[in-house]
Amino acid sequence: MLDLLSGFVTELRRAGLPVSLTEHLDAADAVHHIPLEDREALKYALAATLVKSSTHWRAFETAFEVFFAVRTGGPGEAGADAEDDELGQDADGAAGTGGTRGRGRSPNGAGGSEGMTPEELAEMLFKSLLSADAAMMNVVARGAVDRYAGMEPGRPVGGTYYLYRTLRNLDLDAVLAKLMDQARAGAVGAGLTDLEERLAADEYKARIEKFRRAVETEIRRRLVEDRGAEALARSVRKPLPEDIDVMHATRDELAVLHRVLHPLSRKLAVRLARKRRHGRKGPLDFRATMRRSLSTGGVPIEPRFRHPRPAKPEIFVIADISGSVASFARFTLHLVYAISSQFSKVRSFVFVDGIDEVTRFFEGVADPAEAVARINLEADVIWVDGHSDYGHALTEFHRRWGDEVTSRSSILLLGDARNNYHASQSWVVEDLQRKARHVFWLNPEPRDYWGSGDSIVGEYAAHCDDVVECRTLRQLEHFVGNLA
Amino acid sequence: MSTDPGAAGATGAAPGVVGSSGARGARTAASLGLPDAGPPRFASLDAVRQGLGGVGYLADESISGVVYLADRLSKPVLVEGPAGTGKTQLAKSVAELAGARLIRLQCYEGLDESKALYEWNYRKQLLRIQAGGPGEIESGGRDGERRGPTWKELEEDIFSEEFLLARPLLEAIRSTDPVVLLIDEVDRVELETEALLLEILSEYQVSIPELGTVRATRLPMVFLTSNNTRELSEALKRRCLYLHIDYPDLDRERAIVRARVPGITEELADQVARIVRSLRTLELRKAPSVSETLDWARTLVILGTETIDAAGARDTLHILLKYQVDIERAAKELLSVS
Ligand SMILES: Nc1ncnc2c1ncn2[C@@H]1O[C@H](COP(=O)(O)OP(=O)(O)OP(=O)(O)O)[C@@H](O)[C@H]1O
Ligand SMILES: [Mg+2]
């Protein structure tokens, strides 16, 4: 067990989780206290000792599934089934859309599902979903993987493809439709109301999701048998949310990012606020101190301080939101939101080949997503053809707002500086640097690509206090941390 | 209170606790020079889960598992998760289950040592000094001679127990009866205060220059909650077990409703839980939390609702959702009356 644990910890570290030696030892301690055959308990014991951030949970879970995969038909699995069964009974106890539950344990063990015809499989899948029978779902999952996944030994894959093949053959959308038909047929009187319809659909979707996970688990299990945990872990490893490259994120990764983005921008906002209020105590307030001392016989034992005068930093954010940085733009806008909710004077501008001020969209909105959506719809950023033209956008900025930049202003430029071979007009940045307190540039491209092709970030860099690579949330957070 | 250094079981845990399997692991509190962890509070994983259920807290596998381990490993638990998912309640319920007193330190920005640990009652000290006439202090004065106390005597007097204001951390450490310490919303304090907390949670002792060192006689169970408005330090996280409490799944939420809303029927509780689950799948500014589910369920019971229809849900939706845009979206997607 301890060897297995060491391998597991090594994998977590490879996946980017910061597991310390103490935590490794804690985990080893923790497993002493739980029943060995209880896989769920093992999972939570390891999670509690090794994973200290909810954004790392997915990476943990993936690795756990690989390293502590359920064995076929063994006692471990019986345990897992029994417990799923319990959940099934809970669901069963409630009146609802469930319908009647299949009675009795489904045939268990590896052999149970062998040689089922596609029709039998489909029928059994339908029944298991209708009755929320977890044990039966597992049997169907095994049968479906046997029949449809077409797994070939030794291939260095993570299993997504097998999952896709299996699910496509089962056509879960059609199954959902059939389940809904059944629910409608079973309704009394005038059929389901819209609300009932929706609730039933959500219930079945939850069950289908559960089934999908069962298929995934089954595929993982076979892959582990085939190639061993370590090799498989390497194939299924994914970057942590904070390390996802925003420019080249897959759809899945974007969804993950999206979920962590909101808390992140809130966190940034709080961090900024805190830094700004640092050194909270102002000068001694003599009168208040004396007044206060009256209650202690004139001895000034509780000195009072004046509130410090809040500094008035002024920030100009100028962000490229063209297609080449579309997903980056989304993040920068969230960043802008975070900044503008904390500093009284943030002016924000977005550009493609034209430029528009969007400060107003951020005012008084509680949700960054809303501001971002409105900006995408309403900001006027297209001048000629909707391809980035930094030169034109910057010149326009300079003409319309250049006079408002003063020695109290900090300027943040966000973009890849891929200029479609237009003129750079870098004199604008030069002039801004002369007037402003700071000019920073955040570039979402890897540093190695800077200056290649139509990237002209070098021309602007000469006039910036710093140009920072900013491809991941981690880098973004780092920059903001240093900024405030 | 125990101010005697070494008084508190630093020399080893109770016999029979160390070493045997199923008892505390190799690195027990005692071997780290910490106060005695005492006998385990909970007999088994199941005992925790059922016990919590018995005091009206519906835990899932991970919640009860972590509580169990926190006791066995003598480690604080850091609890994170969305608002209103039962983080604070968990500490309260564990206290109830363990028959312990709950001591709560509510964190806020600007919380410092004097509010978290202890401070001297300056006012009272001052008044004491002003009133410090002869005879007021039993001093070693010679027979018949009336004199004021010497400065040293006075100092000893005003820096004694009587003038000490114990704040939650000190109170938890010196308590002789069992306590559960809840450090609520720890992400709100500044880094220096976080460092102080870490120190306390590593040593379970406080040294007060004027009085000596106060050691815990028994390790308290400690829960820290965070709403994740900032990253806590690595050191603090390493010290703790980590527990993320998310919105409950359907079964658990239904059970929570049944446990917390008197007089609700099984059918209504089920409907409430289902509707809330569906609402949470929508893209809302703020998804309904468990507290809002409970408020809604209570309202429905008061209104005498037997089953919820679209119109009834719409009329009470504002209890569940706090933003007008969310209410409108939910009404449109879920509750259109056709
Ligand atoms: N598992 C549960 N069992 C019973 N009651 C629960 C459970 N979870 C939450 N509740 C109830 O929900 C309400 C909110 O819980 P609590 O105040 O503990 O949330 P919280 O996570 O601390 O929220 P916040 O982040 O806002 O402080 C309480 O009334 C609590 O009793
Ligand atoms: Mg709370």
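Analysis parameters
Residues numbered from 1 in each chain as written. Chains lettered and ligands numbered in written order. Predicted model: local features only at pLDDT ≥ 70, side-chain atom pairs only at ≥ 80, totals over all residues. Heavy atoms only, no water. Helix = DSSP H or I, 4+ residues; strand = E, 2+ residues; numbered from the N terminus. Contact = heavy atoms within 4.5 Å. Areas by Shrake-Rupley, 256 points an atom, 1.4 Å probe, with all protein chains shown as cover. Buried < 20%, exposed > 50% of the residue type's maximum accessible area, 1.4 Å probe, protein only. Lys, Arg positive; Asp, Glu negative; His and termini not counted. Salt bridge = Lys/Arg side-chain N within 4 Å of Asp/Glu carboxyl O. Polar contact = N/O pair within 3.5 Å; in protein donor to acceptor, adjacent residues only side chain to side chain. Phe/Tyr/Trp six-rings, centres within 6.5 Å; stacked < 30°, edge-to-face > 60°. Lys NZ or Arg CZ within 6 Å of the ring centre and 35° of its normal. Near = heavy atom within 4 Å. Nonpolar A, V, L, I, M, F, W, Y, C, P; charged D, E, K, R; others polar. Domains from an automatic or database assignment. pLDDT = per-residue confidence, 0-100. Core = buried A, V, L, I, M, F, W, Y, C linked by side-chain atoms within 4.5 Å. Axes fitted to C-alpha atoms, helices over the stretch in contact; angles between N-to-C directions. Left-handed = near helix turned anticlockwise from the far one by under 90°. Disulfide = S-S within 2.5 Å. Pairing = 2+ DSSP bridges. Patch = residues over 30% accessible without salt bridge, like charges linked within 9 Å, V, L, I, M, F, W, Y side chains within 5 Å. Charge placed at Lys NZ, Arg CZ, Asp CG, Glu CD. Arc of directions from axis to C-beta. Parallel < 35°, antiparallel > 145°, perpendicular 65-115°, else oblique. Expected span 1.5 Å × (residues − 1).

(A) Representation of the overall build of chain A in the model. Broken down by element type, chain A carries 20 helices and 6 strands. Pairs at least 24 residues apart make up 74% of the contacts formed inside chain A by residues separated by at least 6 positions. Surface exposure of chain A reaches about 22700 Å², of which carbon and sulfur atoms provide 52%.

(B) Quick look at the side chain of D389(A). All names here are of chain A. In this structure, D389 sits in the loop between helix 16 (368–378) and helix 17 (390–401). Buried and without a salt bridge, D389 has R399 as its closest oppositely charged side chain, separated by 13 Å. Side-chain polar atoms of D389 contact the backbone nitrogen of H392, separated by 2.9 Å. Not counting residues up to four positions away in its chain, the partners in contact with D389 are V352, D353, W383, N419, H422 and A423.

(C) Region of interest: the packing of aromatic side chains. Summed over all chains, the structure comprises 20 aromatic pairs over all chains. One aromatic cluster in this structure is built from F8(A), Y44(A), W57(A), F60(A), F64(A), F67(A) and F68(A). Against the face of F126(A) rests K178(A), its NZ or CZ located 4.1 Å from the ring centre. Over the ring of F163(B) we find K124(B); its NZ or CZ atom is 5.4 Å from the centre of that ring.

(D) Seen up close, the pattern of salt bridges. All names here are of chain B. Enumeration over the complete set of coordinates arrives at 46 salt bridges over all chains. Across the salt bridge formed by R298 and D295, the nearest N and O atoms sit 3.6 Å from each other. Pair noted here: R298 and D295 are both in helix 12 (residues 290–302), with a separation of 3 residues, about one helical turn. Residue class for R298 comes out partly exposed when judged on its relative accessible area of 34%.

(E) Up close: the site of ligand 1. Residue and element names in this part refer to chain B. For ligand 1, the set of nearby residues contains 18 residues, the closest of which are L58, G84, K87, T88 and Q89. Interatomic distance of 2.7 Å between a backbone N/O atom of Q89 and an oxygen atom of ligand 1. Between R252 and ligand 1, the recorded distance is 3.4 Å, taken from a side-chain N or O atom to a nitrogen atom. Considered on its own, ligand 1 offers 630 Å² of accessible surface; in the complex 82% of this is hidden by protein. For the shell around ligand 1, a count of residues per class yields 6 nonpolar, 8 polar and 4 charged. When residues of the shell around ligand 1 are assigned to domains, at least three fall in each of domain 1 (2–114 + 168–244) and domain 3 (250–335).

(F) Structural context of the confidence of the model for chain A. Per-residue pLDDT for chain A averages 77, and the proportion of residues at 70 or more is 73%. Counting contacts from residues 73–113 of chain A, a segment whose pLDDT is below 50, to residues more than four positions away or on other chains yields 56 contacts.

(G) Looking closely at the nonpolar core. Counting 96 residues, the largest nonpolar core has F8(A), L46(A), L50(A), F211(A), L90(B), V94(B) and F223(B) as the members making the most contacts within it. By residue number, the principal contributor to this core is helix 10 (residues 194–227) of chain A, which donates 10 residues. The contacts of F8(A), once residues within four sequence positions are left out, are L46(A), L50(A), F60(A), A63(A), F64(A), F67(A) and F68(A). Counting 39 residues, the second largest nonpolar core, distinct from the first, contains L169(B), L197(B), Y204(B) and V206(B).

(H) Spatial organisation of the environment of T22(A). Position of T22(A) among the secondary structure elements: in helix 2 (residues 21–32). In this structure the C-alpha to C-alpha distance between T22(A) and T49(A), which are 27 residues apart in sequence, comes to 9.3 Å.

(I) Structural context of the side chain of S278(B). With respect to the helices and strands, S278(B) occurs in helix 11 (residues 266–281). Assessed through its relative accessible area of 1%, S278(B) is described here as buried. Setting aside residues no more than four positions away along its own chain, S278(B) makes contact with R198(A), L199(A), D202(A) and L334(B).

(J) How the structure looks around the packing of helix 3 (residues 39–50) of chain A against helix 2 (residues 61–73) of chain B. At a minimum axis separation of 9 Å, helix 3 of chain A and helix 2 of chain B run at an interaxial angle of 65°. The handedness of the crossing between helix 3 of chain A and helix 2 of chain B is right-handed. Seen from helix 3 of chain A, the contacting residues are E40(A), Y44(A), A45(A) and A48(A); seen from helix 2 of chain B, they are E61(B), S62(B), V66(B) and L69(B).

(K) Up close: the state of the cysteines. Applying the stated criterion across every chain yields a total of 0 disulfides over all chains. C470(A) provides the cysteine sulfur closest to C464(A), a residue in no disulfide bond, and the two sulfurs are 14 Å apart. We note that C107(B) lacks a disulfide partner, and the nearest cysteine sulfur, in C240(B), lies 12 Å from it.

(L) Inspection of the sheet that holds strand 2 (residues 101–106) of chain B at higher detail. All names here are of chain B. The strand order across the open sheet formed by 5 strands is 2-5-8-1-9, and the pairing between neighbours is parallel. Where the open sheet ends on each side, the last strands, each with one partner, are strand 2 and strand 9 (241–244). Each strand axis lies, on average, 20° off the axis of its neighbour in the sheet, ignoring direction. In the packing of helix 3 (residues 87–98) onto the sheet, the strands contacted are strand 1 (77–80), strand 2, strand 5 (179–184), strand 8 (221–226) and strand 9, and the crossing angle to strand 8 comes to about 170°.

(M) Fine view of a negative patch on the surface. Taken together, the side chains of D112(B), E113(B), E199(B) and E203(B) make up a negatively charged region of the molecular surface. You can see E113(B) is positioned in helix 4 (residues 113–116).

(N) Inspection of helix 1 (residues 45–54) of chain B at higher detail. Along helix 1 of chain B, the positions that sit buried rather than exposed are L45(B), V48(B), G51(B) and L52(B). The arc that holds every buried residue of helix 1 of chain B, seen down its axis, measures 140°, which confines them to one face. Opposite the packed face of helix 1 of chain B, turned more than 90 degrees from it, sit the exposed residues Q50(B) and G54(B). For helix 1 of chain B, the elements touching its buried residues are helix 3 of chain A together with helix 2 and helix 3 of chain B. Positive backbone phi, approximately 85°, marks G56(B), located one or two places after helix 1 of chain B.

(O) Highlighting the confidence of the model for chain B. Residues and elements named next belong to chain B. Of all residues in chain B, 84% have pLDDT values of 70 or greater, and the mean over the chain is 83. For the stretch residues 1–27, pLDDT sits under 50, and the model shows 50 contacts to residues farther than four places along the chain or on other chains. Confidence over residues 134–141 falls short of pLDDT 50; this stretch has 14 contacts with residues more than four positions distant or in other chains. Under the prediction, the complex receives an ipTM of 0.82, its pTM being 0.75.

(P) Local environment of the packing of helix 17 of chain A against helix 18 (residues 427–435) of chain A. Residue and element names in this part refer to chain A. At a minimum axis distance of 9 Å, the contact between helix 17 and helix 18 shows a crossing angle of 40°. Taken as axis vectors, helix 17 and helix 18 run oblique relative to one another. Two packed elements cross with a definite hand, and for helix 17 against helix 18 that hand is left-handed. Seen from helix 17, the contacting residues are L394, T395, F397 and H398; seen from helix 18, they are W427, V428, V429, D431, L432 and K435.

(Q) The arrangement of helix 2 of chain B in detail. Residue and element names in this part refer to chain B. With 13 residues, helix 2 extends 18 Å between its outermost C-alpha atoms, agreeing within 8% with the 18 Å of an ideal straight helix rising 1.5 Å per residue. When you tally the buried positions in helix 2, you get 12 out of 13 residues, the bulk of the element. Considered for burial, the residues of helix 2 that qualify are S62, I63, S64, G65, V66, V67, Y68, L69, A70, D71, R72 and L73. Two to three positions downstream of the cap, the backbone nitrogen of S62 sits 3.1 Å from a side-chain oxygen, assigning the N-cap of helix 2 to D60. Within two residues after helix 2, S74 carries a phi angle of roughly 50°, on the positive side.

(R) Just the sheet that holds strand 3 (residues 355–357) of chain A, in detail. Residues and elements named next belong to chain A. The mixed open sheet is built from 6 strands, whose spatial order is 3-2-1-4-5-6. Each edge of the open sheet carries a strand with a single partner, namely strand 3 and strand 6 (466–469). Averaged over neighbouring strand pairs, the angle between their axes works out to 20° when direction is ignored. Bridging between strand 4 (residues 409–414) and strand 5 (residues 438–443) involves 5 bridges; their strand directions are parallel. Following the sheet pairing, I411 is matched in strand 5 by V439. Docked against the sheet, helix 17 engages strand 1 (314–320), strand 2 (345–351), strand 3, strand 4 and strand 5, running at close to 40° with respect to strand 3.

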